[in-house]
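Next come the chains, spelled out residue by residue.
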Amino acid sequence: MSKETVHVGLIGTGAIGSLHAENLMRRTRGATVVAVMDIDQERAHAVAAACDGARVYVDAGDLIADPAVDAMLIASTDRTHADFAIACIEAGKRVLCEKPLATTAADAERVLRAELAVGRRLVQVGFMREYDHAHRDLYDLLKSGAIGAALKFRSVHINPRFVRELTIDSVITNSLIHDIHSARWIMGEEISSAYVQWAPVDRAHPRSARLADIQVIFESGAIGSLEYNGDSGYGYEVTVEVTGETGKVESASHPSPSLRQAGSLSRAITPNWPQRFAHAYIDEVQAWIDAIGQKDATGPSAWDGYMSLVVAEACIRSAETGQPQTTHAIEKPALY
Ligand code: ISE
């Protein structure tokens with residue numbers, strides 16, 4: 001793209017969509033939001049006003065087709081992601097699609113095949129932890145060989161308050177999808193099987209999951225533990241550690257300093273994901289914008305989006321059967 005400023009179209013102006021819009025307008029070089037769409041038109045108009053009077057669309061297809069829109073950011077509800085991503089690919093537009101890429105592996109595979117049909121990567125998936133400094137420092141230390149071969153991956157993902165509508169299925173596809181991606185990305189290999197244990201919130205909501213633990217086995221035989229608490233009541237935390245042949249690396253899990261005073265030790269804990277990953281979201285969209293001038297998209301790909309859902313579906317089968325489940329994926333296309 002020769003022009004200086006990338007004109008971005010945004011689908012979805014909820015919490016993450018409005019955060020991306022603010023980052024694009026206020027904290028990113030080389031981009032501006034020129035058009036937005038949301039089924040909540042009041043919300044869409046509010047975000048458009050904050051984007052220097054961006055155009056407001058009622059129909060996502062019309063926004064995607066707008067010739068004045070160079071690139072698309074999809075931040076709508078999870079079940080709409082795959083179809084919108086495919087429409088962007090077919091329109092020849094770069095797209096940053098919020099996680100998950102889809103809610104099923106089959107839908108994510110449709111996105112893969114749309115990219116394969118054009119023969120180039122147009123999609124970056126919103127696994128923003130790849131841009132988090134604590135995760136990148138751990139990743140770089142592990143890749144330096146500091147602890148030899150990685151033998152065990154462990155992640156802890158703590159949400160502050162339970163969203164009662166989140167069933168075990170959506171906890172896996174909406175929240176634990178981050179940890180599944182982190183496991184694949186940091187370990188550098190695929191997951192071959194998964195076993196899920198989970199605790200429902202209460203009898204009135206038998207499929208609502210407050211706590212879930214996923215045990216995985218990687219293709220090399222390395223093991224992993226992905227632990228989730230959806231209703232901590234105290235704050236938001238995400239940490240990762242990898243045990244290797246000669247040591248263990250742990251992510252810097254507390255961005256706040258600790259205070260020793262009057263016989264106690266205290267440390268602030270971030271309230272929720274926008275605060276914990278504030279810098280990662282900025283770096284994520286900046287990397288996306290910077291790559292638009294290059295031939296292919298960079299960062300987490302549609303293949304990463306697909307494989308995270310392949311693992312998620314094995315997790316959902318395990319949650320339903322109470323048994324470990326193996327993963328089943330298509331062969332990795334050369335494009336990825
Ligand atoms: C939310 O959608 C996110 O993407 C957050 O990063 C994650 O921590 C949270 O569990 C999800 O619900």
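The shown structure was predicted, so the numbers you read here are calculated from the model rather than taken from an experiment.

Conventions used here
Residues numbered from 1 in each chain as written. Predicted model: local features only at pLDDT ≥ 70, side-chain atom pairs only at ≥ 80, totals over all residues. Heavy atoms only, no water. Phe/Tyr/Trp six-rings, centres within 6.5 Å; stacked < 30°, edge-to-face > 60°. Helix = DSSP H or I, 4+ residues; strand = E, 2+ residues; numbered from the N terminus. Pairing = 2+ DSSP bridges. Contact = heavy atoms within 4.5 Å. Axes fitted to C-alpha atoms, helices over the stretch in contact; angles between N-to-C directions. Core = buried A, V, L, I, M, F, W, Y, C linked by side-chain atoms within 4.5 Å. Buried < 20%, exposed > 50% of the residue type's maximum accessible area, 1.4 Å probe, protein only. Domains from an automatic or database assignment. Parallel < 35°, antiparallel > 145°, perpendicular 65-115°, else oblique. Left-handed = near helix turned anticlockwise from the far one by under 90°. Nonpolar A, V, L, I, M, F, W, Y, C, P; charged D, E, K, R; others polar. Arc of directions from axis to C-beta. Buried area = accessible area lost by both parts, 1.4 Å probe. Salt bridge = Lys/Arg side-chain N within 4 Å of Asp/Glu carboxyl O. Polar contact = N/O pair within 3.5 Å; in protein donor to acceptor, adjacent residues only side chain to side chain.

Time to look at the packing of aromatic side chains. Going through the model one piece at a time under the given rule, you end up with 4 aromatic pairs. Ring geometry for Y139 against W185: centres 4.9 Å apart, planes inclined by 10°, an arrangement best described as stacked. Linking Y139 in helix α6 (residues 133-143) with W185 in helix α7 (residues 168-187), this pair joins segments that are 46 residues apart in sequence. Ring centres 5.4 Å apart and planes at 40° place the aromatic pair W303 and Y306 in the tilted group.

A few words on the sheet that holds strand β7 (residues 150-158). Sheet architecture is open: 7 strands sit in the order β12-β11-β7-β10-β9-β8-β15, paired in mixed fashion. With partners counted over all chains shown, the strands left at the sheet margins are β12 (247-250) and β15 (325-326), one partner each. Both strand β9 (residues 205-218) and strand β10 (residues 223-229) contribute to a ladder of 7 bridges, which runs antiparallel. In the strand pairing of β10, D213 is matched with E227. Its contacts with the sheet put α6 on β7, β11 (237-244) and β12, and the angle it makes with β11 is roughly 5°. Sitting on the sheet, α7 is in contact with β7, β8 (191-202), β9, β10 and β11, with an inclination near 145° to β7.

Looking now at the nonpolar core. Inside soluble globular proteins, nonpolar side chains tend to come together where they are buried. V111, F153, I186 and V242 are the most contacted members of the largest nonpolar core, which has 72 residues in total. The greatest single-element share of this core, amounting to 11 residues, is contributed by helix α10 (residues 302-321). Both domains that furnish three or more residues to this core are identified here as domain 1 (6-125) and domain 2 (130-278 + 310-326). Each residue touching I186, except ones within four places of it in the same chain, is listed here: H135, L138, Y139, L142, K143, F153, V240 and V242. In terms of nonpolar packing, the next biggest core, distinct from the first, is built from 31 residues, I16, V36, A71 and L96 among them.

Bringing the packing of helix α1 (residues 15-26) against helix α9 (residues 278-291) into the picture now. Relative orientation of the contacting elements α1 and α9 amounts to 65°, with a least axis distance of 10 Å. Here α9 runs roughly perpendicular to α1, going by the angle between their axes. For the pair α1 and α9, the crossing hand works out as right-handed. Counted together, I16, L19, H20, N23 and L24 of α1 and Y281, I282, E284, V285 and I289 of α9 form the full contact between these two elements. Residue composition of the contact of α1 with α9, by class: 7 nonpolar, 2 polar and 1 charged.

In an α-helix, one turn spans 3.6 residues, which is why side chains three or four residues apart end up on the same side. Within helix α4 (residues 81-90), 7 of the 10 residues are buried, leaving the element largely enclosed by the surrounding structure. Of all the residues in α4, the buried ones are H81, A82, F84, A85, I86, C88 and I89. Those residues of α4 that are buried lie in contact with β1 (6-11), α3 (60-65), β4 (71-74), β5 (94-97), α5 (105-118) and β6 (123-125). Of the residues trailing α4, G92 is marked for its positive phi of about 75°.

Every buried residue belonging to α6 is among A134, H135, L138, Y139 and L142, and all of these are buried. The buried side chains of α6 occupy one side of the element, clustering within an arc of 130° when seen end-on. Backbone geometry just downstream of α6 places G145 in the positive-phi region, at approximately 85°.

Another aspect to go through is the domain arrangement of the protein. With domains assigned, the protein is organised as domain 1 (6-125) and domain 2 (130-278 + 310-326). The straight-line distance from the C-alpha centre of domain 1 to that of domain 2 is 27 Å. If you look at the interface, domain 1 gives 10 residues, while domain 2 gives 8 residues. Carbon and sulfur atoms supply 58% of the area buried between domain 1 and domain 2, which totals about 750 Å² over both sides. Three residues, K99, P100 and A105, lead the burial of domain 1 against domain 2; their summed loss comes to 47% of the area buried on that side. Connecting domain 1 to domain 2 are 0 salt bridges. In this structure, the connection of domain 1 to domain 2 is made through 4 residue pairs in polar contact (both at pLDDT 80 or more). Sort the elements by how many residues they give to the side of domain 1 that touches domain 2 and α1 lands first, with 3 residues. When the residues that make up the side of domain 1 that touches domain 2 are grouped by side-chain class, the tally is 5 nonpolar, 3 polar and 2 charged.

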